[in-house]
Amino acid sequence: MSEPMIKLLVAALGETMLMVFFSTLVASLLGLILGVILHITRPGQILPLPRVQKTLEMLVNAGRSIPFIILLVAIIPFTRFIVGTSIGTVAAIVPLTVAAIPFMARLVEGTLMEIPSGLMDAAQAMGLRPFQMITKILLPEALPGILNSVTITMITLVNYSAMAGAIGGGGLGDIGIRYGYQRFDATVMLVTVLILILLVQFIQSVGHYLVKKFDHR
Amino acid sequence: MIKLNGIYKKYHSGSSSVSALQNISLHVPAGKIMGIIGASGAGKSTLIRMVNLLERPDQGSVLVDGMNLMHLNREELTEARRKMGMIFQQFHLLSSRTVFGNIALPLELTGHSKKEIKQRVGELLQLVGLEDRAMAYPSELSGGQKQRVAIARALAPSPKVLLCDEATSALDPKTTHSILNLLQKINRKLGLTILLITHEMDVIKTICDEVAILDQGKLIERGSVTSFFSNAATPIAREFINATFHLKIPEEYVARMKSTPCDQSYPLVKLGFTGNTVDKPLISEACRFFNIDISILSADVEYAGGVKFGYLLAELFGTQHQCKAAQQFFIQNNIQLEVLGYVRTND
């Protein structure tokens, strides 16, 4: 492999990491909030609001049903509104984040559902206010599950970021398609795939380590 | 301290509705331990959850320490709940917090300083005997230790009332007794009023001052534990009392037993002692008066609430006439007598 090719791959790795890191950061935060709201507004939960729940439910389902490659181009006006441009690595972060929020929210909701309902009884009997139930019971108890959700979301975003090339976002996936697939360069294809595998392995290991560290169940 | 008046609760599922509680009125005096016993599905859990309004009655009033909880708004109710402790069958500790953190939780709600919390948690750990486990996580504790942590957590805000929802039902008999001893200790030491629900008569017998029986959503009997054991009137009450005894006829006897008397056979009888039984050494009197011998196979007699009660399995050795007379004598002295069969002697 030529030196310019290696430079290209290094730059692409940087782009992928940039896209994945920032979209994971924002999507985890917003997805966590959305997941908590989805959970607590259910009937019999801390703040039952059936109508809000139904609406959010529909939005999340809608968000999750749009294929990423379509979402990427469909929300171009929104992307331009947020970051001022619809082309490039930074622009790609917007659709990546938008796609990951409902995904993360669902994972978080699932994690929260696993908290024994008796624990909420105990919290109520102890006289916790609704907000305290979220900060002192729900979130700490779900922490291992939330960390696991972040890990899964991040790995999914590595996958999605491969499509960012469609709007000039660059990244490893883009190199793989343009050099590996369209130019029939099997070496480049193999190297990009290898780097992606290592990247995902690394994210999974760190995630696993953190989950274990905070899991006292 | 706790007063329930005319509580009704129905559960609706679709078009049908089930009456969980009907016209429950109950008074737990300050400093007393009251136990409510009932079979599963009798409405015990629903009843105890009414006291801190984890579930709202459809009708009736709930007074704790003179305050009618039904009239409080959400914020006031939250405040009122902080003055009541509650423990559960499944402990419900936070897995993410250490023993120390779990006990500290209720104190964090009321704005205590770090120093105050540390001191108070230290006292509570000592009270429940877990000083050396402060930094352990609940998953590293045994069931009994978890319940001790739950008790310490419930006591942290110095409540006046402790509610125990089947607190010992998930524990083995030995641990159950150690937890009951602890509850009794805090009742005496802190003057805490305790309301507990259970399906085990042993729990009532061991620590309760007052008892009530709940059956199909109704309180069918209530009173002091003393009078309950001696005067239990309803069949369900008797059943609960009987369930604390474990008498079985040995297999070998069953094989040799006939339902009618014959040559060389002796009656095997079950003698039941209740609160009404005349308090005299009746077994040895019977031997003397009727010139028979009595061999006791097994016995389970206990002393609770000031009376002896329990059962004996015994063989009566004598002529048919003598044995009949002795049986009459037992019945006259208010022993419940049942002839289980006639055992042939081994030759």
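As a reminder, the structure under discussion sits directly above these lines.
Residues numbered from 1 in each chain as written. Chains lettered and ligands numbered in written order. Predicted model: local features only at pLDDT ≥ 70, side-chain atom pairs only at ≥ 80, totals over all residues. Heavy atoms only, no water.

A. Quick look at the overall build of chain B. Regarding its fold elements, chain B presents twelve helices and 15 strands. In terms of overall dimensions, chain B has a C-alpha envelope of 80 × 50 × 40 Å along the principal axes. For chain B, restricting intrachain contacts to residue pairs at least 6 apart in sequence, the fraction spanning at least 24 positions comes to 70%. Accessible area for chain B stands at about 16200 Å²; split by element, carbon and sulfur atoms hold 49% of it. A gap of 6 Å separates the mean positions of the 38 positive and 33 negative side-chain charges of chain B. (Helix = DSSP H or I, 4+ residues; strand = E, 2+ residues; numbered from the N terminus. Contact = heavy atoms within 4.5 Å. Areas by Shrake-Rupley, 256 points an atom, 1.4 Å probe, with all protein chains shown as cover. Lys, Arg positive; Asp, Glu negative; His and termini not counted. Charge placed at Lys NZ, Arg CZ, Asp CG, Glu CD.)

B. Local environment of the overall build of chain A. Within chain A one finds nine helices and zero strands. When its helices and strands are written in sequence order, chain A yields α-α-α-α-α-α-α-α-α. Along the longest, intermediate and shortest principal axes, the C-alpha atoms of chain A span 70 × 40 × 25 Å. When each of the 217 residues of chain A is scored for burial, the buried share is 45%. Look at the contacts in chain A between residues 6 or more apart in sequence, and 72% of them connect residues 24 or more apart. For chain A, the computed accessible surface area is about 11100 Å², with 71% contributed by carbon and sulfur atoms. (Buried < 20%, exposed > 50% of the residue type's maximum accessible area, 1.4 Å probe, protein only.)

C. Main features of the pattern of salt bridges. Enumeration over the complete set of coordinates arrives at 19 salt bridges over all chains. The partner of K160 of chain B in a salt bridge is D65 of chain B, and the shortest N-O contact between them spans 2.7 Å. Taken as a pair, K160 of chain B in the loop between α5 (143-155) and β7 (161-165) and D65 of chain B in the loop between β4 (59-64) and β5 (67-68) lie far apart in primary sequence, 95 residues in all. A relative accessible area of 45% means that K160 of chain B is categorised as partly exposed. One salt bridge connects E108 of chain B with R97 of chain B, and the closest N-O pair in it is separated by 3.0 Å. Taken as a pair, E108 of chain B in helix α3 (residues 99-109) and R97 of chain B in the loop between β6 (84-88) and α3 lie far apart in primary sequence, eleven residues in all. Given the relative accessible area of 28%, E108 of chain B is considered partly exposed. Connected through shared salt-bridge partners, R42, E57, R106 and E109 of chain A make up one network. (Salt bridge = Lys/Arg side-chain N within 4 Å of Asp/Glu carboxyl O.)

D. Spatial organisation of unusual backbone geometry. Even without being a glycine, D65 of chain B presents a positive backbone phi close to 50°. Overall, the relative accessible area of 43% leaves D65 of chain B in the partly exposed class.

E. View of the side chain of T24 of chain A. Within the element layout of this structure, T24 of chain A appears in helix α1 (residues 3-40). Filtering out sequence-adjacent residues up to four positions away, T24 of chain A remains in contact with V150, M154 and L157 of chain A.

F. Just the interface of chain B and chain A, in detail. Residue-level contacts link 25 residues of chain B with 19 residues of chain A. The interface formed by chain B and chain A holds four salt bridges in total. Residues E75 of chain B and R129 of chain A are paired through a salt bridge, measuring 2.8 Å at the closest nitrogen-oxygen approach. Where chain B touches chain A, the interface holds eight residue pairs in polar contact (both at pLDDT 80 or more). Put simply, the parts of the chain that give the side of chain B that touches chain A at least two residues each are α2 (74-81), β6 and α3 of chain B. (Polar contact = N/O pair within 3.5 Å; in protein donor to acceptor, adjacent residues only side chain to side chain.)

G. Looking closely at the packing of α3 of chain B against helix α4 (residues 114-128) of chain B. Residue and element names in this part refer to chain B. Two elements in contact, α3 and α4, have axes whose closest approach is 10 Å; the angle formed by their N-to-C orientations is 120°. Classified by the interaxial angle, the pair formed by α3 and α4 is oblique. The chirality of how α3 crosses α4 is right-handed. For the pair formed by α3 and α4, the contact residues are V99, F100, I103, A104, L107 and E108 on the first element and I117, K118, R120, V121, L124 and L125 on the second. (Axes fitted to C-alpha atoms, helices over the stretch in contact; angles between N-to-C directions. Parallel < 35°, antiparallel > 145°, perpendicular 65-115°, else oblique. Left-handed = near helix turned anticlockwise from the far one by under 90°.)

H. Spotlight on the sheet that holds β5 of chain B. Residue and element names in this part refer to chain B. Taken in spatial order, the four strands make up an open sheet running β2-β1-β4-β5, and their pairing is antiparallel. Of all strands in the sheet, those with a lone pairing partner are β2 (16-28) and β5, marking the two edges. Contacts from helix α1 (residues 44-51) reach β1 (2-13), β2 and β4 within the one sheet, and its direction differs from that of β1 by about 125°. (Pairing = 2+ DSSP bridges.)

I. Layout of the packing of α1 of chain A against helix α8 (residues 172-182) of chain A. Residues and elements named next belong to chain A. Here α1 crosses α8 at 140°, and the two axes come no closer than 7 Å. On the basis of their axis angle, the class for α1 and α8 is oblique. Between α1 and α8, the residues in contact are M5, L8, L9, A12, L13 and T16 and L172, I175 and Y179, respectively. Partitioned by chemical class, the residues of the contact of α1 with α8 number eight nonpolar, one polar and no charged. (Nonpolar A, V, L, I, M, F, W, Y, C, P; charged D, E, K, R; others polar.)

J. Structural detail: the pairing of β4 of chain B. Residue and element names in this part refer to chain B. Pairing analysis gives five bridges linking β1 to β4, with the strands arranged antiparallel. Paired with I2 across the bridge in β4 is V64. Here β4 pairs with β5 via two bridges, running antiparallel. Its bridge partner lying in β5, L63 is registered against N68. Following β4, the chain reverses through two residues before pairing antiparallel with β5; D65 in that reversal takes a positive phi of roughly 50°.

K. Highlighting the packing of aromatic side chains. Scanning the model with the defined rule gives seven aromatic pairs over all chains in all. With centroids separated by 4.7 Å and ring planes inclined at 10°, the aromatic side chains of F68 of chain A and Y160 of chain A adopt a geometry described as stacked. Note that F68 of chain A is positioned in helix α3 (residues 68-74) and Y160 of chain A in helix α7 (residues 130-161), a separation of 92 residues in sequence. Of the residues examined, F68 of chain A reaches a relative accessible area of 6% and is grouped as buried. Through pairs of rings, three or more aromatic residues link up here, namely F289, F290, F329 and F330 of chain B. A cation over an aromatic ring shows up here: K270 of chain B above the ring of Y311 of chain B, its NZ or CZ 4.7 Å from the ring centre. (Phe/Tyr/Trp six-rings, centres within 6.5 Å; stacked < 30°, edge-to-face > 60°. Lys NZ or Arg CZ within 6 Å of the ring centre and 35° of its normal.)

L. Structural view of helix α9 (residues 235-242) of chain B. Residue and element names in this part refer to chain B. When α9 is considered as a whole, its buried residues turn out to be A237, F240 and I241. Take α9 and look down its axis: the buried residues cluster within an arc of 100°, on one side only. For α9, exposure combined with an orientation more than 90 degrees from the buried face picks out P235 and E239. (Arc of directions from axis to C-beta.)

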